[in-house]
Amino acid sequence: MISELNNNRLPFIKGGNKMKKITKTQITTIIFLISYGIWEFYVARWAATESGPIIRVDLVVIYPILILFIFLSLGQLFKRKNRLRR
């Protein structure tokens, strides 16, 4: 049955024409974004218990890393799309 699906070249089956392999950088970016979302959830809960102003020094480290990986992943994605069009 699977060989029949592969012969039809469905987009969601490995080897299909539309679906391409995701890179390690893109996987890392997804993991970083999910981790950042979880981190922000817990920081928001912690910040609700604080009475004074909160200075988020952690964002000085987190934002540059996230921005770097997002740009790298988007660059890979657009580079791959341009290569496929040729």
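Residues numbered from 1 in each chain as written. Predicted model: local features only at pLDDT ≥ 70, side-chain atom pairs only at ≥ 80, totals over all residues. Heavy atoms only, no water.

A. Quick look at the overall build of the chain. Of regular secondary structure, the chain possesses 3 helices and 0 strands. For the chain, the N- to C-terminal ordering of α and β elements is α-α-α. For the chain, the proportion of its 86 residues judged to be buried stands at 14%. Considering only residue pairs separated by 6 or more positions, the chain has 56% of its internal contacts joining residues 24 or more positions apart. (Helix = DSSP H or I, 4+ residues; strand = E, 2+ residues; numbered from the N terminus. Buried < 20%, exposed > 50% of the residue type's maximum accessible area, 1.4 Å probe, protein only. Contact = heavy atoms within 4.5 Å.)

B. View of a nonpolar patch on the surface. Nonpolar side chains collect at one region of the surface, where I22, I27, I30, I31, I34, I38, F41 and Y42 lie side by side and expose about 770 Å² of accessible area between them. On the secondary structure map, I31 appears in helix α2 (residues 24-47). You can call I31 partly exposed: its relative accessible area is 48%. (Patch = residues over 30% accessible without salt bridge, like charges linked within 9 Å, V, L, I, M, F, W, Y side chains within 5 Å. Areas by Shrake-Rupley, 256 points an atom, 1.4 Å probe, with all protein chains shown as cover. Salt bridge = Lys/Arg side-chain N within 4 Å of Asp/Glu carboxyl O.)

C. Geometry of the confidence of the model for the chain. Across the chain, the average pLDDT comes to 82, with 74% of residues at 70 or higher. By mean pLDDT, the top-scoring element of the chain is α2 (96), and the lowest-scoring one is helix α1 (residues 2-8) (50). Across residues 8-13, confidence stays below pLDDT 50; counting only partners more than four residues off in sequence or on other chains, it has 10 contacts. (pLDDT = per-residue confidence, 0-100.)

D. Spatial organisation of the packing of aromatic side chains. Within this structure, the stated rule accounts for 3 aromatic pairs. An angle of 90° between the planes, with centres 5.0 Å apart, marks the rings of F32 and F69 as edge-to-face. Within this pair, whereas F32 is found in helix α2, its partner F69 is found in helix α3 (residues 58-85), the two being separated by 37 residues in sequence. For the ring pair F41 and Y42, a centre distance of 5.3 Å and an interplane angle of 75° mean the geometry is edge-to-face. (Phe/Tyr/Trp six-rings, centres within 6.5 Å; stacked < 30°, edge-to-face > 60°.)

E. Molecular detail of α2. Counted at 1.5 Å a residue, the expected span for α2 with its 24 residues is 34 Å, and the 34 Å between its end C-alpha atoms agrees. Taken together, the buried positions of α2 are Q26, T29, Y36 and V43. (Expected span 1.5 Å × (residues − 1).)

F. Region of interest: the side chain of S73. Among the structural elements, S73 can be located in helix α3. Residue classification places S73 among the buried residues on the basis of a relative accessible area of 9%. A polar side-chain atom of S73 sits 2.6 Å from a polar atom in the side chain of T29. Those residues in contact with S73 that sit more than four places away from it in its chain are T25, Q26 and T29. (Polar contact = N/O pair within 3.5 Å; in protein donor to acceptor, adjacent residues only side chain to side chain.)

G. The arrangement of the pattern of salt bridges in detail. The tally for this structure, following the rule as stated, stands at 2 salt bridges. In this structure, the salt-bridge partner of R56 is D58, at a minimum N-O distance of 2.9 Å. The partly exposed category is assigned to D58, whose relative accessible area is 23%. Each of E40, R56 and D58 takes part in a single network of salt bridges with overlapping partners.

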